[in-house]
Amino acid sequence: MKRFMIAILALTYGLAGCGAKEFIQHNDDRYARPGAMDSPLTGIYNTYQFGLLDRYRVTHQWTQSGCGYRGVEISRANSGTLGRSFAGRDIFEENGKTWLRFEATTPYDFDRYVRSVISEETFYTDAYGKRQSFPSKEIGFKVLCHESWWTTSHSLSLRLHKLSMAEFEAMFSKRYPEGKWSSQVLSGRPWRVQETSIENLRPRRGVGGPYRTWVTAIGDTGYVIALEMTASQDSMKFPKAHAAIEEAYRHLINSVKVETVN
């Protein structure tokens, strides 16, 4: 059906003096433009839940973009909600590493999300026969959930890191020195919050820069969960979008729940 519709549209363009090749190129160019694939905020959120070290159960919501837990969808029958619910794989530690538990199969290496992972330096010979190298670099501490909007230069990210609160704060202070830290309590849960004033937003470099980061410890596990919203000077040109993304960001922060497993 899709091919049939494309053929009909191509024929229509052809009758109007534009051939099928030009139509397809026009369609490809439309989606190749920066911002063409930006997702709208629908107000519908998916729910994720995972076990941590067999001691805590963590629940949070996210946008429709998905997260990296490799979980399975829970039936939504009679749930009364529009979003989908996912049971993430349990997270556990063994031999100094962090894994996702898969029953009857090999566990999944989860280190690159939660720990520092440094790539090895690799060497190659360039076109002139000269020996070159790709230097080692940090490839760990990846985000678990991510959504971005190119047009307005915003992004939202969720992180789960094997760091103390002090270590996380030191890492983000180095990354975003213009940010100021404060302590907040939300629904009885203590958070540390890094905020960058609008006057100190960075010039646009893709999808944002330092704006807001909320981080809280998950019990005494040595893990933290953090939610980050980025923005740039260009983001202020889109006040309605900025307000909508801030509202979604607050919703995601409020959705975080940590429960002790009996």
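A. The overall build of the protein, seen in detail. A tally of regular secondary structure across the protein gives five helices and 16 strands. Out of the 262 residues belonging to the protein, those deemed buried represent 36%. For the protein, contacts bridging at least 24 residues in sequence account for 52% of all contacts bridging at least 6. Here the protein has roughly 15,500 Å² of accessible surface; of this, 54% comes from carbon and sulfur atoms.

B. Quick peek at the pairing of strand β12 (residues 180-186). Note that β12 and strand β13 (residues 189-195) share seven bridges and pair antiparallel. Note that in β13 the partner of Gln 184 across the bridge is Trp 191. In this antiparallel pair of consecutive strands, β12 and β13, the connection spans two residues, and Ser 187 shows a positive phi of 55 degrees.

C. Structural context of the pattern of salt bridges. Counting across every chain of the model gives 15 salt bridges. For the salt bridge of Arg 55 with Asp 220, the shortest nitrogen-to-oxygen distance reads 2.2 Å. Here Asp 220 lies in the loop between β14 (209-217) and β15 (224-231) and Arg 55 lies in the loop between β1 (46-52) and β2 (56-62), a separation of 165 residues in the sequence. Among the ionic pairs, Glu 259 bridges to Arg 57, the shortest N-O distance being 3.4 Å.

D. Focus on helix α4 (residues 165-175). Three or more residues of α4 are buried, namely Phe 168, Met 171 and Phe 172. In a view along the axis of α4, the buried residues occupy a sector of 90 degrees, so they form one face of it. The exposed residues of α4 that point more than 90 degrees off its buried face are Ala 166 and Lys 174. Buried residues along α4 sit in contact with β11 (154-161), β12, β13, β14 and β15.

E. Structural view of a positive patch on the surface. On the surface, a cluster of positive charge is made up of Arg 70, Arg 112, Lys 137 and Lys 142. Counting through the fold element by element, Arg 112 comes out in helix α3 (residues 111-114).

Quick notes on the rules
- Residues numbered from 1 in each chain as written.
- Predicted model: local features only at pLDDT ≥ 70, side-chain atom pairs only at ≥ 80, totals over all residues.
- Heavy atoms only, no water.
- Helix = DSSP H or I, 4+ residues; strand = E, 2+ residues; numbered from the N terminus.
- Buried < 20%, exposed > 50% of the residue type's maximum accessible area, 1.4 Å probe, protein only.
- Contact = heavy atoms within 4.5 Å.
- Areas by Shrake-Rupley, 256 points an atom, 1.4 Å probe, with all protein chains shown as cover.
- Pairing = 2+ DSSP bridges.
- Salt bridge = Lys/Arg side-chain N within 4 Å of Asp/Glu carboxyl O.
- Arc of directions from axis to C-beta.
- Patch = residues over 30% accessible without salt bridge, like charges linked within 9 Å, V, L, I, M, F, W, Y side chains within 5 Å.
- Lys, Arg positive; Asp, Glu negative; His and termini not counted.
- Charge placed at Lys NZ, Arg CZ, Asp CG, Glu CD.

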